[in-house]
Amino acid sequence: MTNEQNLAQIGVVGLAVMGSNLARNFASRGHTVAVYNRSAGKTEAFMAAFGETGNFISSETIEEFVASLERPRKAIIMVQAGAATDAVINQLADAMEEGDVIIDGGNALFTDTIRREKEMALRGRHFVGAGISGGEEGALNGPSIMPGGPVESWESLGPLLESIAAKVDGVPCVTHIGPDGAGHFVKMVHNGIEYADMQVIGEAYQLLRFGAGLEPAEIADIFAEWNKGDLDSYLIEITAEVLRQVDAETGKPLVDVILDAAGQKGTGRWTVKEALDLGIPTTGIGEAVFARALSSSLDQRAAAQGNLPTGALKTFEDLGISREEFIEDVRRALYASKLVAYAQGFDEIQAGSAEHDWDVDPRDLATIWRGGCIIRAKFLNRIREAYDANPELPSLLLDPYFNGELKDLIDSWRRIVIVATQLGLPAPVFTSSLAYYDSLRAERLPAAIIQGQRDFFGAHTYRRIDKEGSFHTLWSADRSEIAVES
Ligand code: 6PG
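Not measured: the values here are computed from a predicted model. (Residues numbered from 1 in each chain as written. Predicted model: local features only at pLDDT ≥ 70, side-chain atom pairs only at ≥ 80, totals over all residues. Heavy atoms only, no water.)

A.B. asks: Which parts of the structure should I look at to understand the overall build of the chain?
C.D. replies: Helices and strands together make up the secondary structure of the chain, namely 20 helices and twelve strands. Over its C-alpha atoms the chain spans a radius of gyration of 26 Å, differing by no more than 12% from the 23 Å that the globule rule assigns to 486 residues. In terms of its C-alpha atoms, the chain occupies a principal-axis envelope of roughly 85 × 70 × 45 Å. Here the chain holds 486 residues, and the buried ones make up 50% of them. Across the chain, contacts joining residues at least 24 apart in sequence account for 67% of those joining residues at least 6 apart. Looking at the chain as shown, the accessible area adds up to about 22500 Å², and 52% of this sits on carbon and sulfur atoms. (Helix = DSSP H or I, 4+ residues; strand = E, 2+ residues; numbered from the N terminus. Rg over C-alpha atoms; globule rule 2.2 N^0.38 Å. Buried < 20%, exposed > 50% of the residue type's maximum accessible area, 1.4 Å probe, protein only. Contact = heavy atoms within 4.5 Å. Areas by Shrake-Rupley, 256 points an atom, 1.4 Å probe, with all protein chains shown as cover.)

Pasting the structure below:
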């Protein structure tokens, strides 16, 4: 039975680990938290395990759950993205009243969130798609949170989310990202950057392990050292831990007994699909997604092993460089490739914001990604400074600080791309990121040839560098050029 003074400020629907940890986080901040799970057994198990750790109100029905929330009611859905989410949204909307807030804390596709927000608005409900990053540990102790939706809901929801978010320099890693699907869009790109970040770390490992012949424990020490400098980040830190882990069963480094086939729930793929539609070259993220797909094509890989000519490979000794020089070159190539991935991710966010009229501020993202989320890294402070100095930056790579960094990185980056090729070690993000970088800075690109080809076979016309207008060459006649009204 609930009475006025015992209503919950916030509710969580879905008590798997993420939802359960989020509920516990809210309770640890002194909030009364309503909890509900479709299978009542999960709710009972939650209350048995954590009921005494805070003020929880458990319910067996959605209606009872909604009734236990103070107005304007706020309920966070933490269930599997997709149909399950739609079902819960409608159940909540039916039980809720005008001005109540439904928050989807899963990794929903932002276009679903845009649709849901419109539907809920017609029913007088606020709908917030919120990206929540940081995994189970983040949900419990402090995630980075990226809520979209109507700004009106932020007024009552904001202080609650700020209370549970990670804090960096006392600043909560949460802010209102923008209307409707803006939050889930930004979380999607966060995950795309995460994929690229994880892949470049993997490529660095590959070069140090199978190029320089270092052991996992040695590479762990190198990563731990890198984690004290420019590459200071959660992903570098945990990679060192993964590399230190010894498999209890075999006594081998765990990394050697893990099947090298990467999974992916889909957010990285969405990032690339959207980038293609927006015309933003997220090459690093794209190569990272394809690398996961290729790694999982086990039958094709098995058929290819030993059956594809390698050409004249070199050994590490052939290169005539010291391991120390090589390790530093790898660090610099990793830093440069990571920088490209972030630059491309921010380009996509700004393009998506313009496309959907969200007015997303890159400074906000750099600020709330400094802590709590999977891509949290020291260099996000620099990214924030870059956009503070110039919110209209055409590319992160052109920020004076990062431009200066690239001067120190570029020679190592080129050497590592060459060496990876000579050693026959795959480094798709290192390599494609350098190709992107050289394309961005090139005075002339092969696109001139492409325009000529397109005009030759399809009369698709081309523009000239020396005068305005569109032109077509009469390829199958006298090959004279005519101006074409565009
Ligand atoms: C986060 C993570 C999380 C992600 C899982 C699995 O920000 O906490 O990005 O949201 O869904 O880590 O992602 P993949 O299966 O796509 O690697």
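A.B. asks: Can you help me understand the site of the ligand in this one?
C.D. replies: In the region of the ligand, 15 residues are neighbours, and Asn-107, Ser-133, Lys-187, Glu-194 and Tyr-195 sit closest. Within the side chain of Ser-133, a nitrogen or oxygen atom sits 2.6 Å from an oxygen atom of the ligand. Burial of the ligand by the protein chains amounts to 79% of its free accessible area of 420 Å². The element contributing the most residues to the shell around the ligand is helix α8 (residues 182-210), with five residues. Taken together, the residues of the shell around the ligand break down into two nonpolar, nine polar and four charged. (Near = heavy atom within 4 Å. Polar contact = N/O pair within 3.5 Å; in protein donor to acceptor, adjacent residues only side chain to side chain. Nonpolar A, V, L, I, M, F, W, Y, C, P; charged D, E, K, R; others polar.)

A.B. asks: Explanation requested: the UniProt feature "binding site: substrate" (unreviewed entry) in the chain in the structure shown.
C.D. replies: Taking the numbering used here, the UniProt-annotated feature "binding site: substrate" (unreviewed entry) corresponds to Asn-107, Ser-133, Gly-134, Gly-135, His-190, Asn-191, Tyr-195, Lys-265, Arg-292, Arg-454 and His-460. The largest pairwise C-alpha distance within this set of annotated residues, which runs over 354 residues, is 49.0 Å, so the set is dispersed in three dimensions. One can find Asn-107 in the loop between β5 (101-104) and α5 (110-122). Look at Asn-107 and you get partly exposed, because its relative accessible area is 32%. With residues up to four places along the chain from it excluded, the contact list for Asn-107 reads Ala-81, Lys-187, Asn-191, Thr-267 and Trp-270. Side chain to side chain, Asn-107 and Lys-187 meet in a polar contact 3.1 Å long. Residue Ser-133 is classed as buried on the basis of its relative accessible area of 1%. (UniProt positions renumbered as here; feature names shortened; annotations may be inferred.)

A.B. asks: Whenever I open this one, the environment of Leu-276 confuses me. Can you help?
C.D. replies: Note on placement: Leu-276 falls in helix α12 (residues 267-278). We classify Leu-276 as exposed; its relative accessible area is 68%. Each C-alpha atom, one on Leu-276 and one on Gln-305, is 32 Å from the other, the two residues being 29 residues apart in sequence.

A.B. asks: For this particular structure, what's the right way to read the pairing of strand β7 (residues 144-147)?
C.D. replies: Note on strand geometry: in a regular strand, side chains alternate between the two faces of the sheet. Of the two faces of β7, both are covered, the one formed by Ser-144 and Met-146 as well as the one formed by Ile-145 and Pro-147. Relative to β7, strand β6 (residues 126-133) runs antiparallel, the two sharing four bridges. Of the residues in β7, the one forming a bridge with Gly-131 is Met-146. (Pairing = 2+ DSSP bridges.)

A.B. asks: Even after reading the chapter, I still don't get the packing of aromatic side chains, so can you show me in this structure?
C.D. replies: Each aromatic ring pair is specified by the distance between its two centres and by the angle formed by the two planes. Applying the stated criterion across every chain, the model contains 18 aromatic pairs. Note on Phe-110 and Trp-358: the rings are 5.9 Å apart at their centroids and 80 degrees apart in plane angle, and the pair reads as edge-to-face. Here Trp-358 lies in the loop between α15 (323-356) and α16 (362-368) and Phe-110 lies in helix α5, a separation of 248 residues in the sequence. Like Trp-358, Phe-110 is buried. Measuring from centroid to centroid gives 5.4 Å for Phe-346 and Tyr-387, while their planes differ by 35 degrees, and the two rings are tilted. Separated by 41 residues along the polypeptide, Phe-346 in helix α15 and Tyr-387 in helix α17 (residues 379-389) bring together distant segments of the chain. Per residue, the accessibility class of Phe-346 equals that of Tyr-387, and both read buried. (Phe/Tyr/Trp six-rings, centres within 6.5 Å; stacked < 30°, edge-to-face > 60°.)

A.B. asks: I keep staring at the pattern of salt bridges and nothing clicks. Help me out?
C.D. replies: Where charged atoms from two side chains of opposite charge approach closely, those side chains can pair. Tallied over the full model, the rule gives 26 salt bridges. We note a salt bridge from Arg-116 to Asp-86, for which the minimum N-O separation is 2.8 Å. Within this pair, whereas Arg-116 is found in helix α5, its partner Asp-86 is found in helix α4 (residues 83-95), the two being separated by 30 residues in sequence. Residue Arg-116 is classed as buried on the basis of its relative accessible area, which comes to 1%. Between Asp-94 and Arg-123 there is a salt bridge, with its nearest N and O atoms 2.4 Å apart. Pair noted here: Asp-94 is in helix α4 and Arg-123 is in the loop between α5 and β6, with a separation of 29 residues, a long-range link. (Salt bridge = Lys/Arg side-chain N within 4 Å of Asp/Glu carboxyl O.)

A.B. asks: Could you clarify how one ought to interpret unusual backbone geometry in this entry?
C.D. replies: Most peptide bonds take the trans form, and the phi angle of most residues other than glycine is negative. Here the amide bond leading from Arg-71 into Pro-72 is cis, since omega sits at -20 degrees, within 30 degrees of zero. Among the structural elements, Pro-72 can be located in the loop between α3 (62-67) and β4 (74-77). At Thr-461, a residue that is not glycine, the phi angle is positive and equals roughly 65 degrees. Tracing the sequence through the fold places Thr-461 in the loop between α20 (447-458) and β10 (462-463). Given a relative accessible area of 18%, Thr-461 falls into the buried group.

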